[in-house]
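# Structural features, examined
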Amino acid sequence: MGRCALEVADIFRAHGPAWRQAQQGHLSLAQLKVMSAIEQCRSAALGGHVLRCEACAQTEIAYNSCRNRHCPKCQASAARRWLEARQSELLPVEYYHVVFTLPAPIRALAYCNKTVIYGLLFDVAAETLRTIAADPKHLGARIGATLVLHTWGSALTHHPHVHGIVPGGGLSPDGARWVPCKPGYLLPVPVLSPLFRRRFVEELGKAHRAGLLRFFGECAQLADATAFAHWLAPLRRCEWVVYLKRPFAGPEAVLAYLSRYTHRVAISNSRLLALDERGVTFRWKDYRATGNARHKIMTLGADEFMRRFLVHVLPSGFHRIRHYGLFANAERKDNLAKIRALLQVAPAAIEPSNDADTALENVQPTFVCQHCGGSMIIIETLMRATPIRAPPQLRGKP
């Protein structure tokens, strides 16, 4: 794949050093690490290797990737590997797409409490789905869900929400049969939304009483229990957006959707248009508009662009893809086997070939020549540059 005309890395390389100096003490270690990784990605700083085509003898240099999960250039291969692992877990049933969104007042609080607030968003959304699905008035079954966290809007604004993939049915309470949902209808949104609102507000209050929340700047006064309770009161009455989309066309459409959402970052390089004295110009989508009016162009100063991008850096070790219910990691394999048995279907099995020569012929080359399409081999390895925080070299005594 060819290089984009403009990349996030170009913006960080051009304006990052001065901005880091101006923001000294205001950027977290995680944000600084993301900036450094993106700046060095696929450059000589990370090392690489020299390739030579076995057919036309063409040589080229390929530099290593940073593999940071916030890097726009490193997510395609990660998404592909994740999808290959999930492909065998798809069931031959309808799948639904559900979105749970936090209201604006909580977004400001979430910025300083990402681990707690994002964690609650995951757990309460999953609990809401499972509770309503288990109700005999609705589905009366145990369901599974895969949830993916997104924290951005199209204009890089802070907009925390989770996308969920839910199969159209579940196991009966005794686990003896598969309970399908009605065609084209999974669960009622007017029931999901108030339960999601009530449970999230309850859990947020518990987190405050347990001292798990931090408050800075305009939110500093919320550290007081009375002020926090007063701030929470309107959130119990406002509308919380829960969106349930129509079912996907089939399992293939589920995979296509997942490939777009599971490893997406705040902005892709393909949306960047220009970097000049005015700032960074990029394409964005205004979901409040309709038709062609949705697609717009925005220009932000380089400093503001970098600030908005780094708002979406996740805490270290935070999992942005989580599985719940029947798909929970500890029980997923057994539950999927039971569901397939009840549906009388079997996963597609790939039979290993006994012919070693045929197997070798079918292996695709890791590196392909851009000139002739031949296989390329590594003829030299380039070592990465010495890291900034490397220990000093030992010097002999004079």
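Residues numbered from 1 in each chain as written. Predicted model: local features only at pLDDT ≥ 70, side-chain atom pairs only at ≥ 80, totals over all residues. Heavy atoms only, no water.

## Here we look at the sheet that holds strand S10 (residues 279-285)
Pairing is antiparallel across the open sheet formed by three strands, whose spatial order is S9-S10-S11. Each edge of the open sheet is held by one strand with a lone partner, namely strand S9 (272-276) and strand S11 (295-300). Recorded for the sheet is a direction-independent mean angle of 20 degrees between the axes of neighbouring strands. By the bridge criterion, six bridges tie S10 to S11 in an arrangement that is antiparallel. Bridged to Thr 281 within S11 is Thr 299. (Pairing = 2+ DSSP bridges. Helix = DSSP H or I, 4+ residues; strand = E, 2+ residues; numbered from the N terminus. Axes fitted to C-alpha atoms, helices over the stretch in contact; angles between N-to-C directions.)

## Points about the packing of helix H1 (residues 8-22) against helix H9 (residues 302-311)
Two elements in contact, H1 and H9, have axes separated by 10 Å at closest approach and are oriented at 105 degrees. Taken together, the axes of H1 and H9 are roughly perpendicular relative to one another. Each of Val 8, Ile 11, Phe 12, His 15, Gly 16 and Trp 19 in H1 lies in contact with H9, whose residues at this interface are Ala 302, Asp 303, Phe 305, Met 306, Arg 307, Phe 309 and Leu 310. Per-class residue counts for the contact of H1 with H9 are nine nonpolar, two polar and two charged. (Parallel < 35°, antiparallel > 145°, perpendicular 65-115°, else oblique. Contact = heavy atoms within 4.5 Å. Nonpolar A, V, L, I, M, F, W, Y, C, P; charged D, E, K, R; others polar.)

## Describing the packing of helix H4 (residues 104-112) against helix H5 (residues 114-134)
Packed helix pairs are characterised by how far apart their axes lie and by the angle those axes make with each other. Where H4 meets H5, the closest approach of the two axes is 6 Å, and the angle between their N-to-C directions is 130 degrees. The orientation of H4 with respect to H5, classified from their angle, is oblique. Of the residues in H5, those in contact with Ile 106, Leu 109, Ala 110, Tyr 111 and Cys 112 of H4 are Lys 114, Ile 117 and Tyr 118. Taken together, the residues of the contact of H4 with H5 break down into seven nonpolar, no polar and one charged.

## Section: helix H2 (residues 29-40)
With twelve residues, H2 should cover 16 Å at 1.5 Å per step; its first-to-last C-alpha distance of 17 Å lies within 8% of that length. For H2, the full list of buried residues reads Gln 31, Val 34, Met 35, Ala 37, Ile 38 and Glu 39. Close packing links the buried residues of H2 with H1, H4 and H9. At the C-terminal side of H2, Arg 42 shows a positive phi close to 55 degrees. (Expected span 1.5 Å × (residues − 1). Buried < 20%, exposed > 50% of the residue type's maximum accessible area, 1.4 Å probe, protein only.)

## Regarding a positive patch on the surface
Judged by side-chain charge, Lys 245, Arg 246, Arg 260 and Arg 264 come together as a positively charged surface patch. Within the secondary structure, Arg 246 is located in the loop between strand S8 (242-244) and helix H8 (251-261). (Patch = residues over 30% accessible without salt bridge, like charges linked within 9 Å, V, L, I, M, F, W, Y side chains within 5 Å. Areas by Shrake-Rupley, 256 points an atom, 1.4 Å probe, with all protein chains shown as cover. Salt bridge = Lys/Arg side-chain N within 4 Å of Asp/Glu carboxyl O. Lys, Arg positive; Asp, Glu negative; His and termini not counted. Charge placed at Lys NZ, Arg CZ, Asp CG, Glu CD.)

## As for the confidence of the model for the chain
Scored by pLDDT, the chain has a mean of 87; 90% of the residues are at 70 or more. Predicted confidence in the chain is weakest over helix H11 (residues 356-362), with a mean pLDDT of 45, and strongest over H5, with 97. Confidence over residues 355-363 falls short of pLDDT 50; this stretch has one contact with residues more than four positions distant or in other chains. (pLDDT = per-residue confidence, 0-100.)

## A word on the packing of aromatic side chains
In this description, a pair of aromatic rings is defined by centroid distance and the angle of the planes. Using the criterion set out here, one finds ten aromatic pairs in the structure. Judged by centre distance (6.2 Å) and plane angle (40 degrees), the ring pair of Phe 122 and Phe 318 falls under tilted. With a gap of 196 residues between them, Phe 122 in helix H5 and Phe 318 in the loop between H9 and strand S12 (321-325) connect regions that are remote in the sequence. No difference in accessibility class separates Phe 122 from Phe 318, as the two residues are buried. (Phe/Tyr/Trp six-rings, centres within 6.5 Å; stacked < 30°, edge-to-face > 60°.)

## Quick look at the environment of Cys 41
Structurally, Cys 41 can be placed in the loop between H2 and strand S1 (48-53). Residue Cys 41 is classed as buried on the basis of its relative accessible area of 0%. Measuring from C-alpha to C-alpha, the distance between Cys 41 and Ser 65 comes to 5.0 Å, with 24 residues separating the pair along the chain.

## Let's talk about the environment of Ala 30
Following the sequence through the fold, Ala 30 ends up in helix H2. A residue is classified by how much of its surface remains accessible, and Ala 30, at 28% relative accessible area, is partly exposed. Placed 40 residues apart in sequence, Ala 30 and His 70 show a C-alpha to C-alpha distance of 11 Å.

## Thoughts on the pattern of salt bridges
Under the definition given, this model contains 13 salt bridges. Here Glu 39 and Arg 20 are joined by a salt bridge, their closest N and O atoms 2.9 Å apart. Highlighted residues: Glu 39 in helix H2 and Arg 20 in helix H1, separated in sequence by 19 residues. You can call Arg 20 partly exposed: its relative accessible area is 24%. Between Arg 199 and Glu 202 there is a salt bridge, with its nearest N and O atoms 2.7 Å apart. Taken together, the residues span about one helical turn, with Arg 199 and Glu 202 both in helix H6 (residues 189-209) at a distance of three residues. Counted as one network, the salt bridges with shared partners bring together Glu 127, Arg 198, Arg 199, Glu 202, Glu 203 and Lys 206.

## Considerations on unusual backbone geometry
A positive phi angle, near 55 degrees, is found at Arg 42, a position not held by glycine. Following the sequence through the fold, Arg 42 ends up in the loop between H2 and S1. A relative accessible area of 41% means that Arg 42 is categorised as partly exposed.

## With respect to the nonpolar core
In terms of nonpolar packing, the biggest core is built from 51 residues, with Phe 196, Phe 200 and Leu 204 touching the most fellow members. Contributing elements (two or more residues each) for this core: strand S3 (95-101), H4, H5, strand S4 (144-152), strand S5 (158-167), H6, helix H7 (225-232) and S8. The greatest single-element share of this core, amounting to eleven residues, is contributed by H5. Dropping the residues within four chain positions of it, Phe 200 is found in contact with Leu 102, Ile 106, Ile 117, Leu 120, Leu 121, Val 124 and Trp 240. (Core = buried A, V, L, I, M, F, W, Y, C linked by side-chain atoms within 4.5 Å.)

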